[in-house]
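Descriptive analysis of the structure
Spelled out from the first residue to the last, the chains are:
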Amino acid sequence: MKVKRHMMRKFRYIIPVMLLLSLVSCGSVKSANDLYKQAKKKHGKCTVVSKDETEDKTTVVLHDELQDFDYTVTSSMDEINIDGSSFGSVPDTSDSFDRDLKEKVLSDCMSDIEDACSSVGVSYQLSDYALLVVKSSDEDKAVKGAKKCAKILQKKNKKHRMDGWEIEVRGKTESNSNYTYDDKYGVVRLPDNEYADIGDLKVEYYTEMAHSQTDPKATYVRKEKKTFADTGADLERVVNVLGEDYPTSNSSPVTFYYFKDSNGREYYLCDFNYYESNSSRFAWYTNY
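This report concerns the structure included in the present document. (Residues numbered from 1 in each chain as written. Predicted model: local features only at pLDDT ≥ 70, side-chain atom pairs only at ≥ 80, totals over all residues. Heavy atoms only, no water.)

Moving on, we get to helix α4 (residues 139–154). With 16 residues, α4 extends 22 Å between its outermost C-alpha atoms, agreeing within 8% with the 22 Å of an ideal straight helix rising 1.5 Å per residue. Among the residues making up α4, those that are buried are Ala142, Val143, Gly145, Ala146, Cys149, Ala150, Ile152 and Leu153. (Helix = DSSP H or I, 4+ residues; strand = E, 2+ residues; numbered from the N terminus. Expected span 1.5 Å × (residues − 1). Buried < 20%, exposed > 50% of the residue type's maximum accessible area, 1.4 Å probe, protein only.)

Here it is, written out as structure tokens:
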């Protein structure tokens, strides 16, 4: 029996909605005691500063004993909206631990950070997305300043809580209109305080893409600069991503990232997205 296309579209929406409704029917906010236990298990010993419980929201302010700062844990009901229609709400739990730990650490270290940056001749700024941003038009100086700051901040990395946190290393350039914009050189990460430049970060990114799209155990081998013609791909199937570079001709530059899969076979992933045949789905172009 054939099912009409418009009916199939309806089924696509009905099934996920039914799953959401099943979640809604069994959800509720967590109690203050549950939030305290969860936070203690996740972040370490803490004491309750205050708590507020209502039918739709529970908020607990906790004091971290290891590094002496307060943070907030919240459990609330988040409303589900699909195409303008409401399908009830589901419970969600969040906490401000990382944000408040960052604020505490920077506050404790700010004097030393200022001295370190001044000694190298670089500037710094606070950031919502990185632990710190260190700037200089000289990349070597910027990296040196970032490593000095990382060494200071690493002393506050108790029990590896800040492992993986990054100090962003940027340049500074003045345009003709006196508008200041930044160029990212790379990052320095805790706890090893090693520098990864833009090339290193791209390799990390495409390795993650290879793991998710091809083989989760793939290992990076090398990268090569070639042209789009070398891929043998169809230019009309290249995804045009707004704000990003993508091949527009056979001579367009393309980076090939080579990997070995679990069986030792070598393949590549390229730095542009490509539509699947006769489909609206797309992924990074690969010969896997």
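Among the secondary structure elements, Glu79 is positioned in strand β3 (residues 69–82). Along the backbone, Glu79 and Asp92 are 13 residues apart, and their C-alpha atoms lie at a distance of 10.0 Å.

With that settled, the discussion passes to the packing of aromatic side chains. Overall, the coordinates contain 18 aromatic pairs when judged by the stated rule. Ring geometry for Tyr206 and Trp284: centres 5.1 Å apart, planes at 80°, overall edge-to-face. Separated by 78 residues along the polypeptide, Tyr206 in helix α5 (residues 198–213) and Trp284 in strand β13 (residues 282–286) bring together distant segments of the chain. Here Tyr206 matches Trp284 in class, with each residue buried. Ring geometry for Tyr274 and Tyr285: centres 4.9 Å apart, planes at 80°, overall edge-to-face. In this pair, Tyr274 is assigned in strand β12 (residues 266–275) and Tyr285 in strand β13, connecting sequence segments 11 residues apart. One aromatic cluster in this structure is built from Tyr205, Tyr206, Tyr257 and Trp284. The ring of Tyr258 has Arg222 lying over it, and the distance from NZ or CZ to the ring centre is 4.0 Å. The ring of Phe256 carries Lys226 above its face, with NZ or CZ at 4.9 Å from the centroid. (Phe/Tyr/Trp six-rings, centres within 6.5 Å; stacked < 30°, edge-to-face > 60°. Lys NZ or Arg CZ within 6 Å of the ring centre and 35° of its normal.)

This brings us to the side chain of Ser127. Structurally, Ser127 can be placed in the loop between β5 (123–125) and β6 (132–135). The buried category is assigned to Ser127, whose relative accessible area is 8%. Setting aside anything within four residues of it in sequence, one finds Ser127 in contact with Lys102 and Val133. (Contact = heavy atoms within 4.5 Å.)

The full count for this structure, using the stated rule, is 13 salt bridges. Linking Lys42 and Asp95 is a salt bridge whose minimum nitrogen-to-oxygen distance equals 3.7 Å. In this pair, Lys42 sits in helix α2 (residues 32–43) while Asp95 sits in strand β4 (residues 85–95), placing the two residues 53 residues apart along the sequence. On the basis of relative accessible area, Lys42 is assigned to the exposed category, the value being 59%. Take Asp95: its relative accessible area is 31%, and that puts it in the partly exposed class. (Salt bridge = Lys/Arg side-chain N within 4 Å of Asp/Glu carboxyl O.)

Distances and angles like these do not, on their own, reveal function.
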